[in-house]
Amino acid sequence: MSRPGLGASDPVFQRAFRRAMDEAFGQGPAGYARDTVLAMGRWPFDPAGIAVPGELRYGEQDTSPVHSPDLGESLTRMIPKATRHVLPATAGSLPWTHAEVVLRTEVARIGFEW
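Below you will find a few notes about this structure. This is a predicted model, so every value here is computed, not measured. (Residues numbered from 1 in each chain as written. Predicted model: local features only at pLDDT ≥ 70, side-chain atom pairs only at ≥ 80, totals over all residues. Heavy atoms only, no water.)

1. Here we look at the environment of Lys81
- With respect to the helices and strands, Lys81 occurs in the loop between helix H3 (73–78) and strand E2 (82–87).
- Using a relative accessible area of 46% as the deciding quantity, one classes Lys81 as partly exposed.
- Along the primary structure Lys81 and Val52 are separated by 29 residues, whereas in three dimensions their C-alpha atoms are 6.4 Å apart.
- Here Lys81 is in contact with Ala51, Val52, Pro53 and Gly54, once residues within four sequence places are set aside.
- A distance of 3.3 Å separates a polar atom in the side chain of Lys81 from the backbone oxygen of Ala51. (Helix = DSSP H or I, 4+ residues; strand = E, 2+ residues; numbered from the N terminus. Buried < 20%, exposed > 50% of the residue type's maximum accessible area, 1.4 Å probe, protein only. Contact = heavy atoms within 4.5 Å. Polar contact = N/O pair within 3.5 Å; in protein donor to acceptor, adjacent residues only side chain to side chain.)

Shown next, in the form of structure tokens:
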């Protein structure tokens, strides 16, 4: 692995994240607002009906009010085949800061060989 994880203060992370945010909000904030409402509102399905295995990943130091305040503990209990992973000494933005770790773990879990 080249870099196990980039912290939010890492200049590489900051540049990549800024580019992504510029593109994400390029047409205004409506998409983000809609995603937030959908995520925080009552879901139109019962999570207990999710029948496939799922991996829920959280950073131990993530304090974002729009992420799971219990780091996915309650959501993991609701989804029958969910597995919760909390990365120690890590904040949020895991797809950005720990993409390689997350992807390698998932690839190994499904048995894919590189």
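Next comes the rest of the account.
2. What about the layout of surface pockets?
- Roughly 870 Å³ of volume is contained in the largest pocket.
- In terms of lining, the largest pocket is formed by 28 residues, of which the most central are Ala39, Tyr58, Val66, His67 and Ser68.
- Here the lining of the largest pocket is built from residues that sort into 14 nonpolar, eight polar and six charged.
- Approximately 330 Å³ is the volume attributed to the second largest pocket.
- Where the lining of the second largest pocket is concerned, the elements lending two or more residues are helix H1 (11–24) and helix H4 (94–97).
- For the lining of the second largest pocket, the element with the most residues is H1, which contributes three residues.
- Here the residues of the lining of the second largest pocket are counted per class, giving eight nonpolar, four polar and no charged. (1 Å grid on protein atoms, 1.4 Å probe; cavity = no way out; pocket = protein on both sides within 12 Å on 5 of 7 lines; lining within 4 Å. Points joined across faces, edges and corners; volume = space filled by probe spheres on them. Nonpolar A, V, L, I, M, F, W, Y, C, P; charged D, E, K, R; others polar.)

3. Section: the pattern of salt bridges
- Summed over the entire model, instances satisfying the criterion amount to five salt bridges.
- Two residues, Arg57 and Glu106, come together in a salt bridge whose shortest N-O distance is 2.6 Å. Pair noted here: Arg57 is in strand E1 (residues 54–59) and Glu106 is in helix H5 (residues 99–109), with a separation of 49 residues, a long-range link. Residues Arg57 and Glu106 agree in their burial class; the two are buried.
- Salt-bridge contacts for Glu100 lead to Arg104; the nearest nitrogen and oxygen are separated by 3.1 Å. Note that Glu100 and Arg104 are positioned in helix H5 at a spacing of four residues, about one turn of the helix.
- Among the residues examined, Arg104 registers a relative accessible area of 36% and is labelled partly exposed. (Salt bridge = Lys/Arg side-chain N within 4 Å of Asp/Glu carboxyl O.)

4. Quick word on the nonpolar core
- Judged by nonpolar contacts, Leu56, Tyr58, Leu71, Leu75, Ile79 and Ala82 together constitute the single largest core of six residues.
- In contact with Ala82, not counting residues within four places along its chain, are Gly54, Leu56 and Thr76. (Core = buried A, V, L, I, M, F, W, Y, C linked by side-chain atoms within 4.5 Å.)

5. Focus: the environment of Ser64
- Within the fold, Ser64 resides in the loop between E1 and H3.
- According to the relative accessible area criterion, Ser64 is partly exposed, its value standing at 22%.

6. Side note on the pairing of E2
- Note that E1 and E2 share six bridges and pair parallel. Opposite Gly59, over in E2, you have Leu87 as the bridge partner.
- The handedness of the E1 to E2 crossover, carried by H3, is right-handed. (Pairing = 2+ DSSP bridges. Right-handed = clockwise from strand over helix to strand, strands pointing away.)

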